[in-house]
Amino acid sequence: MDKYFEYPHTVGFEETNIVGNVYYVNYLRWQGRCREMFLKQHAPDVLADLQNDLKLFTLKVDCEFFAEITAFDELSIRMRLVDLVQTQLEFSFDYVRLDPGGGETLVARGRQRVACMRGPNNRTAPTRVPEALTRALAPYTATVRAQ
């Protein structure tokens, strides 16, 4: 199995709905949080570039649910790079419940497509994926199309 970047998370009450299971929008939040923590830990140069004029636009996001999770479940959100082209990246996310006995249960799977852009808001244009980001993601690559 390919190596993945892991973001650990404990589900809180605020992430559940009235019947006690996790509200679907939180899965998408966790994708974003996982991506942010990856940048913080493995690509600080890209974070600095985001303070300048680099923008990461999320073009598409999805999530398929296999099992319910509830408050205080321990999760591992596992991110892999599945596609890299000149100006875009696509990530996959496995949402895994970590069982107290050491087992794991895949509870959901998601994807996210991101475009790299530069320029002021009224003249933003596609730009190549920064080399620093490409290097940082290399160990977490599942399958990458040739550029």
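Located above this text is the structure these notes cover.
Residues numbered from 1 in each chain as written. Predicted model: local features only at pLDDT ≥ 70, side-chain atom pairs only at ≥ 80, totals over all residues. Heavy atoms only, no water.

S.K.: Break down the overall build of the protein chain for me, citing the residues and quoting the values.
M.R.: When you go through the protein chain residue by residue, the secondary structure sums to three helices and six strands. The helix and strand sequence of the protein chain, counted from the amino end, reads β-α-α-β-β-β-β-β-α. Taking 2.2 N^0.38 as the reference for a compact globule, 147 residues should give roughly 15 Å; the C-alpha atoms of the protein chain span a radius of gyration of 16 Å, in line with that estimate. With respect to the three principal axes, the spread of C-alpha positions in the protein chain is 45 × 35 × 25 Å. Sequence-distant contacts, at least 24 apart, represent 66% of the contacts inside the protein chain between residues at least 6 apart. (Helix = DSSP H or I, 4+ residues; strand = E, 2+ residues; numbered from the N terminus. Rg over C-alpha atoms; globule rule 2.2 N^0.38 Å. Contact = heavy atoms within 4.5 Å.)

S.K.: Break down the pattern of salt bridges for me, citing the residues and quoting the values.
M.R.: Summed over the entire model, instances satisfying the criterion amount to twelve salt bridges. Its salt-bridge partner being Arg118, residue Asp49 comes within 2.5 Å of it at the nearest N-O pair. Placement of Asp49 in helix α2 (residues 44-51) and of Arg118 in strand β5 (residues 104-118) is noted, with a sequence separation of 69 residues between them. Arg118 sits in the partly exposed class, given a relative accessible area of 25%. Among the charged side chains, a network of salt bridges with common partners joins Asp83, Glu90, Arg111 and Arg113. (Salt bridge = Lys/Arg side-chain N within 4 Å of Asp/Glu carboxyl O. Buried < 20%, exposed > 50% of the residue type's maximum accessible area, 1.4 Å probe, protein only.)

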